[in-house]
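# Residue-level structural notes
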Amino acid sequence: MVDLTVIVPAYDEEDRLAPTLEAIRTHLGSTEEAATWELIVVDDGSTDATARIAEAAAADEPRVRLIRTPDNRGKGHAVRTGVLASRGRRVLVTDADLATPIEELALLARRLDEGAAAAVGSRALPGSRIAVRQHAVREFMGRAGSRLIRAAAVPGIRDTQCGFKLFDGDKVRAACAESRLDGWSYDVELLHFFRRRDWAVAEVPVRWAHQPGSKIRPSAYPTVLADLVRLRWHHGDRARLAIPLLYLLAAFVLYGGLWGGLGHTYLADSGSDQTQWEWFFAVTADNVAHLRNPLFTHLQNAPLGVNLMANTVMLGLSVPLAPVTLAFGAHVTWAIVLTGGLAVTACSWYWLIAKRFVRSRWAAALGGAFCAFAPPMISHGNAHPNFLVLFMIPLIIDRAVRLCEGERPTRNAVLLGLFLAYQVFLGEEALLLAVTGLLLFAFGYAVADPDAARAVSGRLLRGLGVAALVAAPIVAVPVGWQFLGPQSYHSVLHGEVGNNPMALLEYATRSLAGDDAKAAALSVNRTEENAFFGWPLVVLSVIVVVRMWRRPLVRALGFTALAAAVLSMGRNIPLLGTDRTLPGPWRMIGDLPFFESVIESRVAMVCVPALGILLALACDRLATRRLRSERERSHRLLGWAALAVAVLPLVPTPYRTVERVPVPAFITDGTWREHVRPGRTLVPVPVPSPADVEALHWQVRADLGFAFPGGYFNGPYGPDRIGIYGPEPRLTSELLRKVHETGKLPEIGEQQRRAFRADLRFWKADALVLDPDVNGAPLREAVTALSGQEPKKEGGVWVWDVAPSH
């Protein structure tokens with residue numbers, strides 16, 4: 001044994017190796033850090049004079065050794081080879097460029113003297129001294145990689161990639177004996193091994209200077225990412241990896257029909273919404289590709305246009321997924337958002353519940369699954385990804401809790417502000433409901449444990465103030481455009497859409513125990529089944545709250561679920577078995593700004609995470625409580641049975657799909673270009689509306705090449721700019737709508753023709769197009785009577801060229 005082994009991995013280092021070896025030998029010979037030492041150079045299959053330089057150093061100093069590998073296997077393989085051949089009580093691994101001077105060894109040795117098993121040089125700590133910095137791009141990639149490495153493998157170490165590390169010799173040899181990574185991620189694997197063994201790792205600020213001639217290429221970054229995946233798989237907890245995979249598998253099973261016929265299948269219960277969402281993804285990608293304003297478009301509702309920020313376009317996903325949309329189509333993006341969003345949301349809730357609430361990982365998995373796959377979420381999974389993709393909500397909750405704990409308040413407040421801003425671009429109504437739920441929980445907790453509430457209130461309020469200051473400038477322009485920009489509106493009035501109390505106790509359409517007729521009688525449609533938890537779960541939740549009443553957390557969760565359920569019943573709560581109603585608490589907030597546009601039955605979605613956490617707490621208690629008697633064993637068995645009875649009937653069934661209506665050849669083969677000039681519009685018959693959205697699909701298939709009047713969007717109506725679905729009605733669009741709905745041709749005189757000509761001028765129309773399969777005969781007669789000309793049949797549709805007439 002010797003006191004110290006210094007290992008220098010080298011590949012094609014003929015220009016830098018000699019001065020490095022000389023510096024190391026000189027330092028070790030002039031200090032008392034190691035009475036005995038050895039220096040091992042591992043030549044990793046170099047093609048230059050690296051080996052000859054090392055051999056010359058070994059001939060001059062017997063304590064220098066050269067180990068050669070026949071092929072270039074990677075830095076990790078070279079380090080492992082050197083460590084396993086070492087004899088040092090301590091082992092220093094340093095890069096051949098000596099970017100960190102050998103004199104910094106004393107700083108690392110001091111930490112091992114204090115009891116650490118490893119000391120790693122760091123460029124990221126206060127006190128680090130960077131003499132020559134890397135290129136800005138490489139520095140940015142390094143920081144991003146470090147964050148990923150900390151999250152995936154080595155929490156707490158800010159710089160794992162600095163090539164200057166000192167280890168306890170026996171421990172690092174044990175780590176290398178089990179290591180497998182040959183590339184740049186070798187040190188992450190070693191440090192991960194130390195963490196798993198609870199061997200202390202110290203991070204030490206050092207001097208560092210970038211040296212020219214780095215061997216790291218851009219291709220190394222995806223390789224490191226792949227290594228992290230391998231590391232987590234081989235050395236991680238398989239259950240921890242299995243749970244996200246199970247979530248993803250469940251999401252794929254639910255949307256199997258959609259994936260089985262991409263571009264040809266349609267979610268049967270989505271109404272007009274799948275077409276609208278695909279259009280949102282397509283138009284956002286087109287705006288991004290052409291560097292246009294992503295908050296507005298003239299493609300619908302020509303010539304007035306559509307305020308996209310005032311619609312749920314989910315810019316937080318539609319913008320980053322624009323390359324996918326452009327390459328593969330909006331239908332692929334739609335499938336990815338639904339499937340991936342559902343799985344990632346479940347993972348996010350699972351992470352929060354495992355971190356904050358329970359010890360059992362499988363209890364957390366149950367809670368995460370319920371939060372993402374509960375009946376209200378599955379209902380919105382038909383058509384409303386803004387209520388399905390909620391992975392940011394658990395992250396926001398976690399940062400708020402950290403503020404209460406006083407942990408790094410400024411950093412967490414800034415991150416909370418960024419998270420809130422990003423959620424605005426995913427779904428503002430979902431954020432409003434989440435904030436409502438958090439306020440209910442905060443009130444419930446303050447009542448349950450007033451001392452704890454007073455202790456954290458100051459920290460929380462200060463942090464929220466900082467978060468608001470961070471979020472405000474990010475969202476100011478988009479939100480200003482939403483409420484003050486062109487085609488903005490003040491509110492969308494839905495009328496009374498509260499939950500019937502029985503909706504809380506029955507089962508949803510897509511639940512395993514669901515009854516289509518009962519669900520239809522208690523909801524607006526299949527995309528708005530916002531409760532439907534089933535009576536067994538409601539009863540079980542009450543029992544859980546009663547049994548665990550001593551915990552303030554449980555009392556606050558129970559209050560949150562109850563309050564949200566009552567609010568979701570709306571302004572007038574029906575008295576079951578009578579024709580009478582009671583005034584509901586929604587009356588107190590329903591007219592407030594923002595809340596006036598909320599469908600009140602959706603507040604029941606706030607119950608979902610509260611019930612999910614209660615389920616996780618109950619499952620955790622059953623799984624981890626120590627049993628002392630046969631009676632307790634029977635109680636546990638009864639508890640598991642109750643959980644099964646409450647949860648299994650709620651298991652969702654796959655979404656139904658149908659074949660999509662084919663797009664006419666007039667659109668797909670580009671014939672429309674012969675009839676519509678640039679800056680002019682094509683007018684589908686009937687004029688597109690929320691009830692008739694095929695024109696949006698036509699437009700997407702035509703690469704958004706033409707604009708049309710009408711459409712499916714939220715926009716203003718009248719002088720008060722009240723929000724409505726679709727465009728303001730015009731005489732011609734209303735006439736054609738009635739013909740489409742009734743199949744009857746009204747009287748058409750000069751007044752109707754005059755209005756028709758005025759509407760064509762307003763729309764800047766060049767052509768009208770009718771699909772004959774849609775009440776073709778009466779609509780054809782109506783347009784012919786209005787225009788005074790017979791249509792031509794082209795590409796499977798009737799076409800009226802109207803450009804010359806105005």
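Residues numbered from 1 in each chain as written. Predicted model: local features only at pLDDT ≥ 70, side-chain atom pairs only at ≥ 80, totals over all residues. Heavy atoms only, no water.

A few words on the pattern of salt bridges. Counted under the stated rule, the structure contains 42 salt bridges. Residue R80 is joined to D182 by a salt bridge in which the shortest nitrogen-to-oxygen separation is 2.3 Å. Taken together, the positions of R80 in helix 3 (residues 75–84) and D182 in the loop between helix 6 (169–178) and helix 7 (186–196) put the pair 102 residues apart, joining distant regions of the chain. Where salt bridges share partners, they join K355, R356, D398, R402, E405 and E407 into one cluster. (Salt bridge = Lys/Arg side-chain N within 4 Å of Asp/Glu carboxyl O. Helix = DSSP H or I, 4+ residues; strand = E, 2+ residues; numbered from the N terminus.)

Here the focus is the nonpolar core. Counting residues in each nonpolar core, the largest one holds 140 residues, and the members touching the most others are Y255, F370, F533, L617 and F706. Counting residues in each nonpolar core, the second largest holds 32 residues, with V41, A96, I102 and A109 among its members. (Core = buried A, V, L, I, M, F, W, Y, C linked by side-chain atoms within 4.5 Å. Buried < 20%, exposed > 50% of the residue type's maximum accessible area, 1.4 Å probe, protein only.)

This part covers the sheet that holds strand 20 (residues 792–794). Spatially, 16-19-21-20 is the arrangement adopted by the four strands of the open sheet, whose pairing is mixed. Every interior strand has two partners, whereas the edge strands, strand 16 (681–685) and strand 20, have only one. Here the average twist between neighbouring strands, direction ignored, is 35°. Examined bridge by bridge, strand 20 and strand 21 (residues 797–801) share three bridges and lie antiparallel to one another. Bridging across to strand 21, E794 finds its partner in V797. Sheet contacts for helix 32 (residues 776–787): strand 16, strand 19 (765–770) and strand 21; angle to strand 21, the most-contacted strand, approximately 10°. (Pairing = 2+ DSSP bridges. Axes fitted to C-alpha atoms, helices over the stretch in contact; angles between N-to-C directions. Contact = heavy atoms within 4.5 Å.)

With that settled, the discussion passes to the packing of helix 15 (residues 361–373) against helix 26 (residues 607–624). The N-to-C vectors of helix 15 and helix 26 enclose an angle of 160°; their axes lie 8 Å apart at closest approach. Of the possible angle classes, the one that applies to helix 15 and helix 26 is roughly antiparallel. Helix 26 is crossed by helix 15, and the crossing has right-handed handedness. Contacts between helix 15 and helix 26 involve A363, L366, G367, F370 and C371 from the first element and V608, P609, L611, G612, L615, A616, C619 and D620 from the second. (Parallel < 35°, antiparallel > 145°, perpendicular 65-115°, else oblique. Left-handed = near helix turned anticlockwise from the far one by under 90°.)

Keep in mind these values describe shape, not function.
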